[in-house]
Amino acid sequence: MRQRRSVRMGVAAIGVLALITVGSVRSAPTEAAWTEPEYAKNNSITAATLPAPNITFCQAGSVLGLLITSISFRWTSTEPLAAQRHFLNDIPGTLTPTVSGPVNGVYTYSVTYSQALLETVLSLLASQVRISVATVAGTNWSSSRTNWVARKILLGTECVSS
């Protein structure tokens, strides 16, 4: 009976020792941990923002203000063509913009949608078309969008910044 008691005491002691050991184990540093103290001390990390493009021209054609027959718009950006996206009513544009520049580091992009192209993208009976442009990097990083609206008015159309 004494032998069983000493075995139980031994097992209990090992269990307590195991709990103490597990509780004192520290987690290993991650790959993102700073390895050089001069990099981590008194420094901060900031993310760059993508500059939003600027729409500089918009014109919408119509037949007596009854339907929008064409839309032309132009925008400028400091980023190259691969980083440019344009949208009509939040639908990605289907045309590749014409590009000129850069002049002093600024590119100019232009797009013209004819009635046939607009019909494939939107309903021409809509009273307005929102035009948006943005600069993108990768798949999930984008500048804020710059928006204009082309809308039907009495006997014509107008484009306004929105």
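Predicted, not measured: the structure shown is a model, and the values here were computed from it.

Rules used throughout
- Residues numbered from 1 in each chain as written.
- Predicted model: local features only at pLDDT ≥ 70, side-chain atom pairs only at ≥ 80, totals over all residues.
- Heavy atoms only, no water.
- Buried < 20%, exposed > 50% of the residue type's maximum accessible area, 1.4 Å probe, protein only.
- Helix = DSSP H or I, 4+ residues; strand = E, 2+ residues; numbered from the N terminus.
- Pairing = 2+ DSSP bridges.

1. Examining the pairing of strand β9 (residues 146–153)
Among the eight residues in β9, six count as buried, and that is most of the element. Bridge count between strand β7 (residues 128–137) and β9: six bridges; the pairing is antiparallel. Pairing of Val133 across the sheet is with Thr146, part of β9. Of the pairings in the sheet, the one linking β9 to strand β10 (residues 156–161) comprises six bridges and is antiparallel in character. Counterpart to Val149 in the pairing with β10 is Val160. Following β9, the chain reverses through two residues before pairing antiparallel with β10; Leu155 in that reversal takes a positive phi of roughly 60°.

2. Brief notes about the environment of Val63
Checked against the element boundaries, Val63 lands in strand β1 (residues 54–63). Sequence separation of Val63 and Leu155 is 92 residues, and the distance between their C-alpha atoms is 7.8 Å.

So, to be careful, I would describe these as geometric facts and stop short of saying anything about function.
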